[in-house]
Amino acid sequence: MFTKRQRFDYLWKTRGGNRLLTAGVVLVSAAAAGIYSVFSRFIPSIAFHDDRLFHCPGCGGTRMVRCLLAGDWMGAVYYHPLFLAALLAGIVWLIWFFLRTFRKDWKPLRLLVNSRWWLLLPIVLIGFTLIRNTPFYQQYFY
C-alpha cells in the first residue's frame, strides 16, 4: 500500500498522475455543480451583510454560481466579478495542466510554497472587499 507521501508524489510527479488528478478535479466539480443546481434553493441566505452592514469578500458568490448554472454570464459578472475571474483562470489552468502532460519534454511542476506571490491573494481579497464597500461600487453593482 502507498503512504500519503507516495500517493501525492504519484499524482503530482507523474504523467498518469497528472491526468488522473485533472480528471478527478473535473469529475468532482461536475458532481458538485449538479448537486448544487438541485439543492441550491434550500441554501439559506447569509446574514453577514444584514448584521454588519458591509459586504464580505464572498458576498454574491452563491448568486454568481446560480447565474452561471443558468447561463447568465452578465448576471455572474454583476454579482461577483472577482470570483468569476478566479473561476475562469482556474479552468484555463486546469486545461493547461492536462494538455501539458502530452508534451514530449514533460516535467513535473514545482510547488513554490515559499514564494512571495502567495501574499498577493490576501492583498487582492482585502482590496476587493474595500472597493466593493465604497459608495461608487455599490452605485453600479447593488
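In what follows, the structure referred to is the one given above.
Each chain carries its own residue numbering, running from 1 in the direction its sequence is written. Given that the model is predicted, a residue must reach a pLDDT of at least 70 before its local features are reported, and side-chain atom pairs must reach 80 or more before they are shown or counted; all residues, however, enter totals for whole chains, interfaces and linings. With hydrogens and water set aside, each side-chain value is computed from the structure's full complement of heavy atoms.

Visitor: What exactly am I supposed to notice about the overall build of the protein here?
Guide: Secondary structure summary: the protein contains eight helices and zero strands in total. Traced from its N-terminal end to its C-terminal end, the protein shows the element sequence α-α-α-α-α-α-α-α. With respect to the three principal axes, the spread of C-alpha positions in the protein is 50 × 40 × 30 Å. Each residue gets one of three labels from its accessible area relative to the maximum for its type: buried under 20%, exposed over 50%, partly exposed in between, using a 1.4 Å probe on protein chains only. Looking at the 142 residues of the protein, the share that counts as buried comes to 18%. A separation threshold of at least 6 residues defines the contact pool for the protein, and within that pool the share at least 24 residues apart is 54%. Accessible surface is estimated by sampling points in the Shrake-Rupley manner with a 1.4 Å probe; for residues, cover comes only from the protein chains shown. Carbon together with sulfur atoms contributes 72% to the accessible area of the protein, which is approximately 10900 Å² in total. Mean positive and mean negative side-chain charge positions of the protein (17 and 5 charges, respectively) differ by 13 Å. Numbered from the N terminus, helices here are DSSP runs of H or I no shorter than four residues, and strands are runs of E no shorter than two. Should any heavy atoms of two residues lie within 4.5 Å, those residues are counted as being in contact. We treat Lys and Arg as the positive residues and Asp and Glu as the negative residues; His and chain ends play no part in the count. Where a charge lies is defined by one atom per residue type: Lys uses NZ, Arg uses CZ, Asp uses CG and Glu uses CD.

Visitor: Mind showing me how you'd approach a nonpolar patch on the surface here?
Guide: Patch membership needs two things, relative accessible area over 30% and no salt bridge, and members are linked within 9 Å if like-charged or within 5 Å if nonpolar (Val, Leu, Ile, Met, Phe, Trp, Tyr). For this document, the term salt bridge refers to a Lys or Arg side-chain nitrogen within 4 Å of an Asp or Glu carboxyl oxygen. Residues W73, L87, L88, I91, I95, L99 and F102 make up a contiguous nonpolar surface patch of about 680 Å² in total accessible area. Broken down by element, the residue count for the nonpolar patch peaks at five residues, all from helix α6 (residues 81-99). Along the polypeptide, I95 turns up in helix α6.

Visitor: Help me understand the packing of helix α2 (residues 15-39) against α6 in this model?
Guide: Packed helices, taken two at a time, are described by the angle their axes make and the gap between the axes. Note on geometry: axes are C-alpha line fits, over the in-contact stretch for helices, and angles between N-to-C directions span 0 to 180 degrees. Running from N to C, α2 and α6 cross one another at 150°; their axes reach a closest spacing of 9 Å. As judged from the angle between their axes, α2 and α6 are roughly antiparallel. Note that α2 runs across α6; the crossing there is left-handed. Along the contact surface, α2 presents N18, R19, L21, T22, V25 and V26, while α6 presents L94, F97 and F98. Broken down by class, the residue content of the contact of α2 with α6 amounts to six nonpolar, two polar and one charged. Any angle between 65 and 115 degrees counts as roughly perpendicular, while under 35 counts as roughly parallel, over 145 as roughly antiparallel, and the rest as oblique. In this scheme, a crossing is called left-handed if the near helix is turned counterclockwise away from the far one by less than a right angle; it is called right-handed if the turn is clockwise. Put simply, Ala, Val, Leu, Ile, Met, Phe, Trp, Tyr, Cys and Pro go in the nonpolar bin, Asp, Glu, Lys and Arg in the charged bin, and everything else, Gly too, in the polar bin.

Visitor: Could you clarify how one ought to interpret the pattern of salt bridges in this entry?
Guide: Side chains bearing opposite charge may pair, as long as their charged atoms lie close to each other. Applying the stated criterion across every chain, the model contains three salt bridges. The salt bridge involving D9 is made with K13; its shortest N-O contact spans 3.7 Å. With D9 and K13 both in helix α1 (residues 4-13) and four residues apart, the pair spans about one turn of that helix. Overall, the relative accessible area of 22% leaves D9 in the partly exposed class. According to the relative accessible area criterion, K13 is partly exposed, its value standing at 42%. Across the pair D105 and R103 runs a salt bridge, and its minimum N-O distance is 3.1 Å. A relative accessible area of 48% means that D105 is categorised as partly exposed.

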